[in-house]
Structures are given as structure tokens and as C-alpha cells.
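# Reading the structure
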Amino acid sequence: MTEHWNSHDGAPADDTGRTDGEHGMTRRQLMRHTAWFGGAVVLTVAGGQVISQIADARDGTAAGASQGIAGAAAVESAALRFVQVSDSHIGFQGPANTDVAGSFSEAIHQVNTLGFRPDFVMHSGDLTHLSTAGQFDQVKQMMSGLRTDRVFTVPGEHDSIGDAGRAYRRTFGAGTLGDGWYSFDTHGVHFIALVNTLSLEKLGHLGSAQIDFVRKDLAGVPSDTPIVVFSHIPLFAMYPRWGWSTDDALKVIALLRRFSSVTCLNGHVHQLFTKTEGNITFHSATTTAYPLPHPGRAPAPTPQVVPARQLKEALGIRTVGYRRGERELAITDQRLT
């Protein structure tokens, strides 16, 4: 029988220490690190510590006033500010969201009215639902309306249906290597964009060529350089039973251990999640399309039909600020309202 729980419940009585895979987390660990749906979640990452506040759904203010204000100030005064959107699933048709193009347009509008111009926008995969040429053209045209200097992407598994990602790379792969991976530097931060949605059996997979790319890419980067890694599928074992993990990610994690500050941002799971392991903090983004169930609360991660108000609470964008010369990232998750 599936146990029903949420991030405010205590752990089920029979759940002490049980994991959901070889490297999986217990449900108690999942609950301790997660903020599923509801309001905006403000996270301030400083010195390897993550402080989160769930925003009040009525007025958008963060609980814990001093910490919330500090996080907001970090974003406002940061030298680098960028936005993450994810899982737009353009082309999806179903009762979970009958207008994914409309909700993605609303997310773009929200980015354009943040009160500042992001340095760039990153879409962390599943831009389309069926990876057709028309869907790629549509999402590219829509993202051309973003008020930012640059737009970056990584592919999701829905962007690789039937052609191993070739249509995705024709549209978004200019200047990338291999199956679409790349890196860049800005404002003293080193960014790496990875592809772990090809060669799938159940879990995400990077492959030896991409891991070699990461090894060579990081070889000359000083250890005090902040690192931000983008991928579609999580690089940690969030819920392997549903494929929410990457089977060879530990090889990349080992290469990141020498850096003092590492942030890994992913999509795929359609819900907010934060986990810190030493110097590495993982953040899963929400979606602009439709929510997925909490791990273990459904037989499979299928689109959830929820009331319209709850749907908006589950959809959103992420803004990230970084102050040059410091090790602080300020991350704000915002729902679509």
C-alpha cells in the first residue's frame, strides 16, 4: 500500500532508514530536504549552508524575516543574476495542463517583469514533449521574447525521442560538443552544461566521453572558483525507482569535490528539492507545464491533474544571484501567479 505523506508530515512509522535504491535516500531524508508545492521557496547558499524559507502564499513574503531579507538583498545586489526555467513540454496535450504554451508564456512574462534584466536564462530540459521540428521551432520562437542577453539550454529525454537528440542539436546545439554538452565562464563563475538523457535505460547516463570532457574542462580551473552545473536529470540519487538519478554521476561528483562551492541545478522531477552534501548543493527546479507526484505517492511519475490554483502554485521559475568575489549564491524559486 502506498503511504501518503508530504513535507510537513512525520516519517511513516515503518520507514526508519528504508531506501529506494542502492544509493537512494530514505523518505525521511527526502522530506527533510524538500519543499514540494505551495509558495515560492527562497534559498540562500552561503559557505556551503543552505537556508530555506517557504514564502507566504498570500503576500509572497518569506518566513523568517531576517533570513528572507538577506536572501532577497543578495539577489538584488548581485553582480551576476540569471534565471532557470524547466520542463515546458511544448506540445503536451492532456488534462493536467490543456495550455502548456500559455503557462510557458506566463513564465516568460514573469522573467521579463522581475525588475531586473537577467544576465542569461537557462532552460534545463524537456523544452518539448515529442521533439518534433515544429515544437522546437515554437519553443525557440517563444524564448526569443525573453529580455536577456543570452539563452542556454540542455536537453531532456523528451527532446530526444526517436532521433537521439539530433533535432534538438540542430535547433539548440550550435557551439556545443558531443551530444550537446559545453561550458562557459562569466562573472568569475564556471558553468558546465551536461547531457544525461541519452543512452537511457532507467537512470540518467553521462558516458565516458562526457566525463572525460568534464575532467579536462576542470583541470585548469582554480579550486576557489564557484562551479554551477546544469543537467536535466538529477546528479544525485533523489528517487532511483523512478529514474530520478544518474547512474555514473559519482564520477563527475568526484571531480567537483576539490572546489569550495558547487551548485548543481536540474529539472526533470517537476518539483522543488534541495540537498547538500559537503561542498555540493543540489537544487531541483519546478516546471512550467504540469506537476508530478511526490516520490512513492503514485505507481509512476505521471502528470497530475490538480485544481487550477494548485497548478499555478506548482509551476514557476528560479532566479539566481551571485556577488563577484564571494562564495554566495542566492536562489529564489517563484510560482506563476
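Predicted, not measured: the structure shown is a model, and the values here were computed from it. (Residues numbered from 1 in each chain as written. Predicted model: local features only at pLDDT ≥ 70, side-chain atom pairs only at ≥ 80, totals over all residues. Heavy atoms only, no water.)

### Some details on the sheet that holds strand 9 (residues 262-266)
Here 6 strands make up an open sheet; going across it, the order is 6-7-8-9-11-10 and the pairing mixed. Only two strands of the sheet have a single neighbouring strand rather than two, namely strand 6 (182-186) and strand 10 (273-277). Across the sheet, the mean angle from the axis of one strand to that of its neighbour is 15 degrees, orientation sign disregarded. Two elements, strand 8 (residues 227-231) and strand 9, share 5 bridges in a ladder whose sense is parallel. Bridge pairing in strand 9 places S231 opposite N266. Strands strand 6, strand 7 (189-193) and strand 8 of the sheet are contacted by helix 6 (residues 208-218), whose axis makes an angle of about 170 degrees with strand 7. Packed onto the sheet, helix 7 (residues 249-256) meets strand 8, strand 9 and strand 11 (280-284) and runs at close to 135 degrees relative to strand 11. (Pairing = 2+ DSSP bridges. Helix = DSSP H or I, 4+ residues; strand = E, 2+ residues; numbered from the N terminus. Axes fitted to C-alpha atoms, helices over the stretch in contact; angles between N-to-C directions. Contact = heavy atoms within 4.5 Å.)

### Brief notes about the packing of aromatic side chains
As enumerated under the stated definition, the model contains 20 aromatic pairs in all. On the numbers, 6.4 Å between centres and 35 degrees between planes, the contact of W181 with F213 is tilted. Taken together, the residues span a long stretch of sequence, with W181 in the loop between helix 5 (166-172) and strand 6 and F213 in helix 6 at a distance of 32 residues. Comparing W181 with F213 shows no difference in burial state: the two are buried. Note on Y239 and W242: the rings are 5.1 Å apart at their centroids and 75 degrees apart in plane angle, and the pair reads as edge-to-face. Take Y239: its relative accessible area is 1%, and that puts it in the buried class. For W242, a relative accessible area of 11% translates into the label buried. By the ring-pair criterion, three or more aromatic residues cluster together here, those being F82, F120, F152, Y182, F184, F191 and F230. (Phe/Tyr/Trp six-rings, centres within 6.5 Å; stacked < 30°, edge-to-face > 60°. Buried < 20%, exposed > 50% of the residue type's maximum accessible area, 1.4 Å probe, protein only.)

### A few points about the pattern of salt bridges
As a working rule, side chains carrying opposite charge can pair if their charged atoms are close by. Evaluated as defined, the whole model comprises 9 salt bridges. A salt bridge links R257 to E277; its shortest N-O distance comes to 3.7 Å. Of this pair, R257 sits in the loop between helix 7 and strand 9 while E277 is found in strand 10, placing the two residues 20 residues apart along the sequence. A residue is classified by how much of its surface remains accessible, and E277, at 30% relative accessible area, is partly exposed. Between E313 and R309 there is a salt bridge, and its shortest N-O distance comes to 2.7 Å. With E313 and R309 both in helix 8 (residues 308-314) and 4 residues apart, this pair spans about one turn of that helix. Among the residues examined, E313 registers a relative accessible area of 15% and is labelled buried. Judged by relative accessible area, which is 59%, R309 ranks as exposed. Salt bridges linked by common partners bring R257, K275 and E277 together as one network. (Salt bridge = Lys/Arg side-chain N within 4 Å of Asp/Glu carboxyl O.)

### Quick word on the confidence of the model for the chain
When pLDDT is averaged across the chain, the result is 80; 75% of the residues are at 70 or more. Here residues 1-25 scores under 50 on pLDDT; set against residues more than four positions off or in separate chains, the count is 55 contacts. For residues 27-77, every residue scores under 50 in pLDDT, and the model assigns this stretch 126 contacts once sequence neighbours within four places are set aside. (pLDDT = per-residue confidence, 0-100.)

### Let's talk about the side chain of H129
Here H129 is to be found in the loop between strand 4 (120-123) and helix 4 (133-143). Setting aside anything within four residues of it in sequence, one finds H129 in contact with H89, I90, G91, F92, Q135, H158, I161 and Y290.

### A closer look at the environment of L194
Within the secondary structure layout, L194 lies in the loop between strand 7 and helix 6. Judged by relative accessible area, which is 1%, L194 ranks as buried. Linking L194 and S124, residues 70 residues apart in sequence, is a C-alpha distance of 9.7 Å. The residues contacting L194, other than those within four sequence positions of it, are V154, W181, L206, Q210, V214, V229, F230, S231, L235 and V252.

### Notes on helix 6
Regarding helix 6, the residues found buried are Q210, I211, F213, V214, D217 and L218. Down the axis of helix 6, the sector holding all buried residues measures 150 degrees, keeping them to one side. Facing away from the buried side of helix 6, by more than 90 degrees, are the exposed residues S208 and K216. If you follow the buried residues of helix 6, they end up packed against strand 6, strand 7, strand 8 and helix 7. (Arc of directions from axis to C-beta.)

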